[in-house]
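The residues making up each chain are set out below.
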Amino acid sequence: MLDRKIRKKIEWAFRNYSTLQKQGADYIVELAEQGTTPAYGLVGGGHAPGNPTESKGIKAAENNAMLWCKVVENTLTTFRWDIEYELIKMFYFEKKSRTRVCERLGVAERTFTYWTENIMNYAYQWVQEYKLM
């Protein structure tokens, strides 16, 4: 059973998935454009070890918005061919009420609760994998 605080954070990521995607995309654009202005006086004078492209890739991979998107996407992939996928879309993305989702899917509220617990448990495994909490 998940801690209430952790569950709320994961559910927040699901409900705000589109916002997180935009933040992640904006971060990538900003990162890509960073340092693109030529500094002709510094040609041949580099002193920092490493590859600047590699450094940008590492920074991008550490972006929390992108990692939360990966948690949501990986969880969606897990349930892609199950009815839980529809639950995720309706409840978290379309923000339909619990009752409305149960009516549309033709399930009892207890089943809804069981499925959301299962979804959050899978998502939590990804949260742990990405060390977000």
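Let me sum up the structure you'll find in this document. (Residues numbered from 1 in each chain as written. Predicted model: local features only at pLDDT ≥ 70, side-chain atom pairs only at ≥ 80, totals over all residues. Heavy atoms only, no water.)

## With respect to helix H5 (residues 83-93)
Moving on, step 1. Turning to H5, its buried residues number three or more, namely Glu 84, Tyr 85, Leu 87, Ile 88, Met 90, Phe 91 and Tyr 92.
Moving on, step 2. Summarising the contacts, the buried residues of H5 are in contact with helix H1 (4-15), helix H4 (64-78), helix H6 (98-105) and helix H7 (109-129).
Moving on, step 3. Count one or two residues on from H5 and you reach Lys 95, which has phi positive near 60°. (Buried < 20%, exposed > 50% of the residue type's maximum accessible area, 1.4 Å probe, protein only. Helix = DSSP H or I, 4+ residues; strand = E, 2+ residues; numbered from the N terminus. Contact = heavy atoms within 4.5 Å.)

## Some thoughts on the packing of H1 against H5
Axes are the key here: two packed helices are described by the angle between their axes and the distance separating the axes.
Moving on, step 1. At a minimum axis distance of 8 Å, the contact between H1 and H5 shows a crossing angle of 90°. Taken together, the axes of H1 and H5 are roughly perpendicular relative to one another. Where H1 approaches H5, its residues Glu 11, Phe 14 and Arg 15 are matched on the opposing element by Ile 88, Phe 91, Tyr 92 and Phe 93.
Moving on, step 2. Of the residues contributing to the contact of H1 with H5, the split by class is five nonpolar, no polar and two charged. (Axes fitted to C-alpha atoms, helices over the stretch in contact; angles between N-to-C directions. Parallel < 35°, antiparallel > 145°, perpendicular 65-115°, else oblique. Nonpolar A, V, L, I, M, F, W, Y, C, P; charged D, E, K, R; others polar.)

## Observations regarding unusual backbone geometry
Moving on, step 1. Positive phi values are uncommon outside glycine, yet Lys 95 reaches one of about 60°.
Moving on, step 2. Counting through the fold element by element, Lys 95 comes out in the loop between H5 and H6.
Moving on, step 3. Unusually for a residue other than glycine, Lys 131 sits at a positive phi of about 55°.

## Here we look at the nonpolar core
Moving on, step 1. Membership of the largest hydrophobic core comes to 32 residues, with the highest contact counts inside it found for Ile 10, Phe 14, Trp 68 and Leu 87.
Moving on, step 2. Elements with a minimum of two residues in this core: H1, helix H2 (17-33), H4, H5, H6 and H7.
Moving on, step 3. Ranked by residue count, the leading element in this core is H4, at seven residues.
Moving on, step 4. Among residues more than four places away in sequence, those in contact with Trp 68 are Lys 9, Ile 10, Ala 13, Leu 20, Val 127, Leu 132 and Met 133. (Core = buried A, V, L, I, M, F, W, Y, C linked by side-chain atoms within 4.5 Å.)

## What about the packing of aromatic side chains?
How two aromatic rings sit relative to each other is set out by the distance from centre to centre and by the angle between their planes.
Moving on, step 1. In this structure the tally under the stated criterion is six aromatic pairs.
Moving on, step 2. Relative to Tyr 122, the ring of Phe 79 has its centre 5.1 Å away and its plane inclined at 90°; by these criteria the two rings are edge-to-face. Here Phe 79, found in the loop between H4 and H5, pairs with Tyr 122, found in helix H7; they are 43 residues apart in sequence, far enough to count as distant.
Moving on, step 3. Of the residues examined, Tyr 122 reaches a relative accessible area of 33% and is grouped as partly exposed.
Moving on, step 4. Linked through ring pairs, Phe 14, Phe 91, Tyr 92 and Phe 112 together constitute an aromatic cluster.
Moving on, step 5. The ring of Trp 81 is capped by Arg 80, whose NZ or CZ atom sits 4.8 Å from the centre of that ring. (Phe/Tyr/Trp six-rings, centres within 6.5 Å; stacked < 30°, edge-to-face > 60°. Lys NZ or Arg CZ within 6 Å of the ring centre and 35° of its normal.)

## Side note on H7
Moving on, step 1. Counted at 1.5 Å a residue, the expected span for H7 with its 21 residues is 30 Å, and the 30 Å between its end C-alpha atoms agrees.
Moving on, step 2. In this fold, the buried residues of H7 make contact with H1, H4, H5 and H6.
Moving on, step 3. Trailing H7 by a residue or two, Lys 131 shows a phi angle of about 55°, which is positive. (Expected span 1.5 Å × (residues − 1).)

## With respect to the side chain of Glu 84
Moving on, step 1. By the element assignment, Glu 84 lies in helix H5.
Moving on, step 2. With no salt bridge to any partner, buried Glu 84 finds its closest opposite charge in Arg 80, at an N-O distance of 11 Å.
Moving on, step 3. Setting aside its immediate chain neighbours within four residues, Glu 84 contacts Phe 79, Trp 115, Asn 118 and Ile 119. (Lys, Arg positive; Asp, Glu negative; His and termini not counted. Salt bridge = Lys/Arg side-chain N within 4 Å of Asp/Glu carboxyl O.)

## A few points about the pattern of salt bridges
Moving on, step 1. With the rule as written, the count across this model stands at six salt bridges.
Moving on, step 2. Where Glu 11 meets Arg 15, a salt bridge forms, and the shortest distance between an N and an O atom there is 4.0 Å. Here Arg 15 and Glu 11 lie together in helix H1, a separation of four residues that amounts to about one turn.
Moving on, step 3. Glu 11 sits in the buried class, given a relative accessible area of 6%.
Moving on, step 4. A salt bridge links Arg 100 to Glu 103; the shortest N-O distance between them is 3.8 Å. Placement of the pair is Arg 100 and Glu 103 together in helix H6, with a separation of three residues, close to one helical turn.

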